[in-house]
Amino acid sequence: MRNPKKGKSKALKPKAAAAAEADNLMAVDEAGPSTGVPQVWRPGIDPLADDEELDYDPTAYDCLHKFSLEWPCLSFDIVRDELGAPRSTFPHTVFMLAGTQAASARQNCLAVLKLAQLGQGRHGKKQPAKKPAAADESDDGEDSESSDDSSMDDSDDEDSKEPPARLHHRLVPQPCGINRVRSCPQQPGLAALWGDSGSVRLLDVSEQLRQLAGEEEVASKAASNAQVNPLQTHAHTTEGFAVDWSRVKAGRLATGDCRKHIHVWEPQEAGRWQVSSPYNGHSGSVEDLQWSPSEESVFASCSADRSICVFDTRERSKAMLQVQWQQQQQQQQQ
């Protein structure tokens, strides 16, 4: 939205002020009286004056908060919890995993997060508060005239009473940047990390999630650090980004790298996985993977070679189905 800037406009000289006032009057005569209501700004269409700034419409969001870590993150994943679903009553609590991309490899970490007390604040449409029965009908006229102001004041009072949102975290050091992180749907504490060093690491952060679930106050920096040894590590021939857990068979994982190779991880006894030899089908970087929501042996992949493949774990030598994007199709769309 376009709003006038506050306290940033320059003082005008008397003659310039008079000319500006005349111009404003002409603008009012031509366009009608200004309502003072913020207008939607359309990029590339509407100009933005020097005395205007862009702001967002709080009613466009039901909930909006901002948190930050020490380093930027390239990937995050929502962790399934036991707080029930669906949830619609504020404040909310959300558990997440995020992988950092730090300035040096040894500064990276897996951030295990709990976002608590996520109130609605001034965002979204709130249910009107129930008012007590009027004691005196003679005050109805005055109450109706000030209903808008009082409702706004009530909303402001409710916002000020909300406790501040909190970011609880545990930082698990990692030896490299994290391209992708995914939480296992059947075992949320089991995380797969695709590192920019070319290795996929599996970590169990169930204990860290348990600690965060019972934590009321944000822990100190020293208490937030946690050491977790990987359950298993597998080195691809190069780094990658594609990773997905099966939602049908617990613990089954697929990973794909930038040299066309796809591996399927089969869970074994004693908390280990058997990693398959590469699946053949793509000639370029594997960009994403997705397991079938109903068939435990079927997954799909997309690649920079402009193809989508459907694989079956019972046949690694070729894809069961391949859809290739043709140059002719691209020219026709253009």
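Source: prediction; values computed, not measured.

Chemist: Would you explain the overall build of the chain in this entry?
Modeler: From N to C terminus, the chain includes six helices and 18 strands. Within the chain, contacts between residues at least 6 apart in sequence are counted, and of these 60% link residues at least 24 apart. Total accessible area on the chain is roughly 21,200 Å²; 50% of this is exposed by carbon and sulfur atoms.

Chemist: For this particular structure, what's the right way to read the sheet that holds strand E15 (residues 286-291)?
Modeler: Hydrogen bonding along the main chain pairs the strands of a sheet, whether they run parallel or antiparallel. Taken in spatial order, the four strands make up an open sheet running E15-E16-E17-E18, and their pairing is antiparallel. Each end of this open sheet is capped by a strand with a single partner; those strands are E15 and strand E18 (321-324). Strand after strand, the sheet turns through a mean of 15° between neighbouring axes, direction not considered.

Chemist: Just to check I follow, could you spell out the side chain of Thr 313 for this structure?
Modeler: Looking at where Thr 313 falls in the secondary structure, it is placed in the loop between strand E17 (307-312) and E18. What Thr 313 contacts, discounting residues up to four positions off in sequence, is Arg 252, Val 264, Tyr 279, Trp 291, Ser 297 and Phe 299.

Chemist: Quick question: what am I supposed to make of the pattern of salt bridges here?
Modeler: Between side chains of opposite charge, a pair can form as their charged atoms come close. Inspection of the entire model under this criterion finds eight salt bridges. Across the pair Arg 170 and Glu 215 runs a salt bridge, and its minimum N-O distance is 2.6 Å. With Arg 170 in strand E6 (residues 166-173) and Glu 215 in the loop between helix H4 (206-213) and helix H5 (221-224), this pair connects stretches of sequence that are 45 residues apart. Assigned by exposure class, Arg 170 and Glu 215 land together as buried. In this structure, the salt-bridge partner of Arg 252 is Glu 266, at a minimum N-O distance of 2.9 Å. With Arg 252 in the loop between strand E11 (240-245) and strand E12 (253-257) and Glu 266 in strand E13 (residues 262-267), this pair connects stretches of sequence that are 14 residues apart. Judged by relative accessible area, which is 5%, Arg 252 ranks as buried. The network of salt bridges with common partners includes Lys 249, Arg 252 and Glu 266.

Chemist: Before we go on, may I ask you to explain a nonpolar patch on the surface in this structure?
Modeler: Taken together, Ile 308, Met 320, Leu 321 and Val 323 make up a surface patch of nonpolar side chains, about 370 Å² in accessible area. Relative to the assigned elements, Ile 308 resides in strand E17. The partly exposed category is assigned to Ile 308, whose relative accessible area is 47%.

Chemist: Please explain the side chain of Ser 224 as it appears in this structure.
Modeler: Here Ser 224 lies in helix H5. Residue classification places Ser 224 among the buried positions, given a relative accessible area of 2%. Engagement of the side chain of Ser 224 in a polar contact is seen with the backbone oxygen of Ser 220, the distance being 2.8 Å. Filtering out sequence-adjacent residues up to four positions away, Ser 224 remains in contact with His 169, Arg 170, Leu 171 and Ala 219.

Chemist: How should the sheet that holds E12 be read in this particular structure?
Modeler: Strand order in the open sheet formed by four strands is E11-E12-E13-E14, and the pairing between neighbours is antiparallel. Here the strands that pair on one side only, and so sit at the sheet edges, are E11 and strand E14 (273-275). Along the sheet, successive strands turn relative to each other by an average axial angle of 20°, direction set aside. Looking at chain direction, E11 and E12 are connected through five bridges and run antiparallel. Pairing of Val 243 across the sheet is with Thr 255, part of E12.

Chemist: Can you help me understand the nonpolar core in this one?
Modeler: Proteins that are soluble and globular tend to have nonpolar side chains buried together. By size, the foremost hydrophobic cluster in this structure holds 16 residues, and its most contacted members are Leu 97, Leu 110, Val 112, Val 172, Val 181, Leu 193 and Val 205. The set of elements that each furnish at least two residues to this core consists of strand E4 (92-100), strand E5 (109-118), strand E7 (178-183), strand E8 (190-195) and H4. For Leu 110, the contacting residues outside a window of four places in its chain are Leu 97, Ala 98, Arg 170, Leu 171, Val 172, Gln 174, Ile 178, Val 181, Leu 193, Leu 203 and Val 205. With twelve residues, the next largest nonpolar core counts Val 264, Tyr 279, Phe 311 and Ala 319 among its residues.

Chemist: Could you clarify how one ought to interpret unusual backbone geometry in this entry?
Modeler: If a residue is not glycine, its phi is most likely negative; likewise, a peptide bond is most likely trans. Cis peptide bonds are those with omega within 30 degrees of zero, and the linkage from Ala 85 to Pro 86 qualifies with -5°. You can see Pro 86 is positioned in the loop between strand E3 (73-79) and E4. With omega at 0°, the peptide bond leading from Phe 90 into Pro 91 counts as cis. The phi angle at Gln 117 is positive, at roughly 55°, despite the residue not being glycine. Turning to its location among the elements, Gln 117 is positioned in strand E5. We classify Gln 117 as partly exposed; its relative accessible area is 24%.

Cut-offs and rules
Residues numbered from 1 in each chain as written. Predicted model: local features only at pLDDT ≥ 70, side-chain atom pairs only at ≥ 80, totals over all residues. Heavy atoms only, no water. Helix = DSSP H or I, 4+ residues; strand = E, 2+ residues; numbered from the N terminus. Contact = heavy atoms within 4.5 Å. Areas by Shrake-Rupley, 256 points an atom, 1.4 Å probe, with all protein chains shown as cover. Pairing = 2+ DSSP bridges. Axes fitted to C-alpha atoms, helices over the stretch in contact; angles between N-to-C directions. Salt bridge = Lys/Arg side-chain N within 4 Å of Asp/Glu carboxyl O. Buried < 20%, exposed > 50% of the residue type's maximum accessible area, 1.4 Å probe, protein only. Patch = residues over 30% accessible without salt bridge, like charges linked within 9 Å, V, L, I, M, F, W, Y side chains within 5 Å. Polar contact = N/O pair within 3.5 Å; in protein donor to acceptor, adjacent residues only side chain to side chain. Core = buried A, V, L, I, M, F, W, Y, C linked by side-chain atoms within 4.5 Å.

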